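# Close look at the chain arrangement
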Amino acid sequence: MKGKLERSERQRLIEEGKNLKEGLAALEEDLVELTDKLQQEAQSIPNMTHPDVPIGGEDCSVLRRMVGSPREFSFPVKDHLQLGKGLDLFDFDAAAEVSGSKFYYLKNEAVMLEMALINWTLSEVTKRGYTPLTTPEIVRSSVIEKCGFQPRGANTQVYSIEGSDQCLIGTAEIPVGGIHMDSILASSTLPLKYVAYSHCFRTEAGAAGTATRGLYRVHQFSKVEMFILCRPEDSDTYHEELIGIEEDLFSSLGLHFRTLDMASGDLGAPAYRKFDVEAWMPGLERYGEISSASNCTDYQSRRLGIRFRPSSEISTGPKKGKTNIPTQFVHTLNATACAVPRMVICLLENFQKEDGSVIIPEPLIPFMGGLDLIRPKSK
């Protein structure tokens, strides 16, 4: 269009330019649609698995460690529901009227016990160099998807907020994973270690049966979660660190538990490798899962856009701190330090006495205001 042109030639070029612009706009719309479809297809592909992960269903999981032995009782053992009734710790009936099934009120010393567990856990984990956080408990559904969870569908565990693109979190792993979304970090800042307290909300679709009674499987609960972002070559080491912290915490409370290397069929989409901790619950007469630790490698960071640059330069966004050094995706790991309802089950059932009272483990006593025994209430 520059320079002298015949009027007819100029007009022809103007029309051609308009056509190119319209065609480009149409192609850009198609590209956005195709990119979204590609992203959806890619998100349906699970992570790779560690070479040492047992192949098969949950029954193929391998025992890593057994700590302690089941306590022997000289009297008939009560479950946490029976103990809670005698100690006036729960109200499931009122919660069912107010909110529906699988909700609960904690009462009296149970409230103190929840707060003690949270504060003790946060104290112990922060001593190990983790930054404490509280998190948003409502997040965008896109962040949930990028973390490897499905916010929609018949069997989703996620509560969606009608008329919005937001959901309630099922774990603090999701908002903590999103803190550094679309960022380029400097290698010198890694690892980033967080310990986050939040409430968690889960639909528990498909869960039923006596094994899920009481506090074992509920729609809302408090949890303390550990989360690490690190260099790829370090993630296996930090996975061992996380399971080690969990084992230390549960050992210091005097629990009998076992640690499992979970089989491939039980990993879920994001996990490259997952260790579960199952504690003995005398009232249920079985082991129950109280914790897990997962190495998700770069599965979440690819979707969340969390990279690091192997240099001293740092950026808080994708367009800052440009250098010729190529970026890499960080690895992310998560582990449950304390899921309150199941810890309450363990403590009540393992430390019950014949008269229905419950001994408070020594590490928790200072966080219970000095209370060392929960006694039955006088009628």
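Small disclaimer: the values here were computed from a predicted structure and weren't measured. (Residues numbered from 1 in each chain as written. Predicted model: local features only at pLDDT ≥ 70, side-chain atom pairs only at ≥ 80, totals over all residues. Heavy atoms only, no water.)

### Overview of the environment of Leu133
Threshold: The secondary structure listing takes helices from DSSP runs of H or I that are at least 4 residues long and strands from runs of E that are at least 2 residues long, numbered from the N terminus.
Assignment of secondary structure puts Leu133 in strand S4 (residues 131-134). For the pair Leu133 and Leu242, spaced 109 residues apart in sequence, the C-alpha to C-alpha distance is 17 Å.

### Some thoughts on the packing of aromatic side chains
The following threshold applies: In summary, the pairing rule links any two rings of Phe, Tyr or Trp, Trp by its six-membered ring, whose centres are within 6.5 Å, and it sorts them by plane angle into stacked for under 30 degrees, edge-to-face for over 60 and tilted for everything else. Throughout, exposure labels follow a simple rule: accessible area from a 1.4 Å probe, protein chains only, divided by the maximum for the residue type, with under 20% read as buried, over 50% as exposed, and the rest as partly exposed. Should the NZ of a Lys or the CZ of an Arg lie within 6 Å of a ring centre and within 35 degrees of the ring normal, that charge is described as sitting over the ring.
One pass over the full model with this rule turns up five aromatic pairs. Aromatic pair Phe73 and Phe75: ring centres 5.5 Å apart, planes at 75°, arrangement edge-to-face. Between the aromatic rings of Trp280 and Tyr287, the centroid separation amounts to 5.1 Å while the plane-to-plane angle is 70°, which identifies the pairing as edge-to-face. Like Tyr287, Trp280 is buried. The rings of Phe90, Phe92 and Tyr104 are connected pair by pair, giving a single aromatic cluster. Note that Arg64 overlies the ring of Phe275, its terminal NZ or CZ placed 3.9 Å from the centroid. Note that Arg342 overlies the ring of Tyr216, its terminal NZ or CZ placed 3.8 Å from the centroid.

### Some thoughts on helix H2 (residues 80-87)
This is how the line gets drawn: What the arc covers is the set of directions going from the helix axis to the C-beta atoms. Note on contacts: a residue pair is in contact if any heavy atoms of the two residues lie within 4.5 Å.
Within the span of H2, buried status applies to His80, Leu83, Gly84 and Leu87. Each buried residue of H2 lies within a common arc of 100° when the element is viewed along its axis, so the set occupies one face. Residues of H2 that are buried make contact with strand S2 (90-91), helix H4 (109-126), helix H9 (340-350), strand S16 (358-359) and strand S17 (373-374). In the segment just after H2, Asp88 is the residue with positive phi, at about 55°.

### Description of the sheet that holds strand S13 (residues 306-309)
Convention followed: Here, any two strands with at least 2 DSSP bridges between them count as paired.
Strand order in the open sheet made by the three strands is S7-S13-S14, with mixed pairing throughout. Each edge of the open sheet is held by one strand with a lone partner, namely strand S7 (183-186) and strand S14 (328-329). Both S7 and S13 contribute to a ladder of four bridges, which runs parallel. The residue bridging Ser183 from the neighbouring strand is Ile306, located in S13.

### Thoughts on the packing of H4 against helix H7 (residues 235-252)
To keep it simple, the criterion reads: Here an axis means a line fitted to C-alpha atoms, over the contact stretch when the element is a helix, while the angle between two N-to-C directions is reported on a 0 to 180 degree scale. Any angle between 65 and 115 degrees counts as roughly perpendicular, while under 35 counts as roughly parallel, over 145 as roughly antiparallel, and the rest as oblique. For a crossing to be left-handed, the near helix must be turned anticlockwise from the far one by less than a right angle; the clockwise case is right-handed. Under the grouping applied here, Gly and all other residues not named as nonpolar or charged are polar, the nonpolar ones being Ala, Val, Leu, Ile, Met, Phe, Trp, Tyr, Cys and Pro and the charged ones Asp, Glu, Lys and Arg.
Two elements in contact, H4 and H7, have axes separated by 11 Å at closest approach and are oriented at 135°. Put simply, H4 runs oblique to H7. Judged by the sense of rotation from one axis to the other, the crossing of H4 with H7 is right-handed. Seen from H4, the contacting residues are Trp120, Thr121, Glu124 and Val125; seen from H7, they are Ile245, Leu249 and Ser252. Across the contact of H4 with H7, the residue classes tally to four nonpolar, two polar and one charged.

### Considerations on the nonpolar core
Using the following cut-off: Residues belong to a common nonpolar core when they are buried Ala, Val, Leu, Ile, Met, Phe, Trp, Tyr or Cys residues joined through side-chain atoms within 4.5 Å.
By size, the foremost hydrophobic cluster in this structure holds 58 residues, and its most contacted members are Leu117, Met226, Leu255 and Ile290. At eight residues, the largest contribution of residues to this core is made by H4. Ignoring sequence-local partners within four residues, the contact set of Met226 consists of Val125, Tyr130, Tyr194, Val195, Leu242, Ile245, Glu246, Leu333, Asn334, Ala335 and Ala337. Counting residues in each nonpolar core, the second largest holds 21 residues, with Val139, Cys147, Ile169 and Ile306 among its members.

### A closer look at the state of the cysteines
Using the following cut-off: By convention in this document, the label disulfide applies to cysteine sulfur atom pairs within 2.5 Å.
Under the counting rule described, the total for this entry stands at zero disulfides. Just so you know, Cys167 is unpaired, no disulfide at all, and the nearest cysteine sulfur is the one on Cys147, 12 Å from it. Take Cys296: it sits in no disulfide, and the sulfur closest to it among the cysteines is that of Cys147, at 8.8 Å. A residue is classified by how much of its surface remains accessible, and Cys296, at 2% relative accessible area, is buried.

### Here we look at the pairing of strand S12 (residues 286-295)
By the criterion of burial, S12 is predominantly enclosed, with eight of the 10 residues buried. As defined by bridge partners, strand S11 (residues 273-281) adjoins S12 across nine bridges and the pair is classed as antiparallel. Paired with Ala279 across the strands is Gly288, a residue of S12. Linkage of S11 to S12, two consecutive antiparallel strands, is achieved through a turn of four residues, within which Glu285 is found at a positive phi near 60°. Across three bridges, the pairing between S12 and strand S15 (residues 331-339) is antiparallel. Following the sheet pairing, Ala293 is matched in S15 by Ala335.

### Focus on the layout of surface pockets
Under the convention used in this document: Grid spacing is 1 Å over the protein atoms alone, the probe is 1.4 Å, and a cavity is where that probe fits but cannot get out, while a pocket is an open set with protein on both sides within 12 Å along at least five of seven lines and lining residues have an atom within 4 Å of a point. Grid points are joined across faces, edges and corners, and a volume is the space filled by probe spheres set on the points.
In this structure, the largest pocket spans a volume of roughly 1400 Å³. Lining the largest pocket are 48 residues, and of these Phe149, Arg202, Lys274, Glu289 and Ser292 lie nearest its centre. A per-element tally of the lining of the largest pocket places S12 first, with eight residues. Its residues assigned to classes, the lining of the largest pocket comprises 20 nonpolar, 13 polar and 15 charged. Approximately 220 Å³ is the volume found for the second largest pocket. As for the second largest pocket, its lining consists of 13 residues, of which Phe103, Tyr104, Tyr105, Gln220 and Phe221 are closest to the centre. No other element matches strand S9 (residues 220-230), which puts three residues into the lining of the second largest pocket. Looking at the lining of the second largest pocket residue by residue, the class counts come to seven nonpolar, four polar and two charged.

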